[in-house]
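# Coordinate analysis (summary)
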Amino acid sequence: AQGLPLRTLAEGGGTDPDRIDYAFRRCLSRPPTASEKDALAKLVASQRERITKDGIDPWTIAIQSNPKPILPTGATPVQLAAYTVMSRVLLNLDETITKE
């Protein structure tokens, strides 16, 4: 869950919709439906707002140990934390875990 958000920010494009598509495809090998994409976009936005509004240290969400990773160019710790939450959701979906 720590590698996926870093890779998403580095390789997933410059917008939330592009990054959501990228992370979703990496985990599920398919594009998200419109409702899945909308739900994940709302999650990322709400986490970004919560972290900023409540003064939460984004590094406590994004990493479990030191040293802090080098962020991709243009990325912020708040973005990394928000995408970490989204990555945890994707990695814990039954569809991600179950192979049929």
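The sections below set out a description of the structure shown in this document. Here the structure is a predicted model, which means the values were calculated and not measured.

With 20 residues, helix 3 (residues 34–53) ought to run about 28 Å at 1.5 Å a step, and its terminal C-alpha atoms sit 28 Å apart, in line with that. Of the residues making up helix 3, those classed as buried are L40, V44, Q47 and I51. Each buried residue of helix 3 lies within a common arc of 70° when the element is viewed along its axis, so the set occupies one face. Counted as exposed and oriented over 90 degrees from the buried face of helix 3: A34, S35, K42, E49, T52 and K53. Here the buried face of helix 3 lies against helix 2 (16–28), helix 4 (58–62) and helix 5 (77–91). Backbone geometry just downstream of helix 3 places G55 in the positive-phi region, at approximately 65°.

Attention now moves to the packing of helix 3 against helix 5. Viewed as axis vectors pointing N to C, helix 3 and helix 5 meet at an angle of 135°, and their least axial separation amounts to 9 Å. Between helix 3 and helix 5, the interaxial angle falls into the category oblique. The interaxial crossing formed by helix 3 with helix 5 has right-handed handedness. Counted together, L40, L43, V44, Q47, R48, I51 and T52 of helix 3 and V78, Q79, A81, A82, Y83, V85, M86, V89 and L90 of helix 5 form the full contact between these two elements. A per-class count over the contact of helix 3 with helix 5 returns 12 nonpolar, 3 polar and 1 charged.

Calculation criteria
- Residues numbered from 1 in each chain as written.
- Predicted model: local features only at pLDDT ≥ 70, side-chain atom pairs only at ≥ 80, totals over all residues.
- Heavy atoms only, no water.
- Helix = DSSP H or I, 4+ residues; strand = E, 2+ residues; numbered from the N terminus.
- Expected span 1.5 Å × (residues − 1).
- Buried < 20%, exposed > 50% of the residue type's maximum accessible area, 1.4 Å probe, protein only.
- Arc of directions from axis to C-beta.
- Contact = heavy atoms within 4.5 Å.
- Axes fitted to C-alpha atoms, helices over the stretch in contact; angles between N-to-C directions.
- Parallel < 35°, antiparallel > 145°, perpendicular 65-115°, else oblique.
- Left-handed = near helix turned anticlockwise from the far one by under 90°.
- Nonpolar A, V, L, I, M, F, W, Y, C, P; charged D, E, K, R; others polar.

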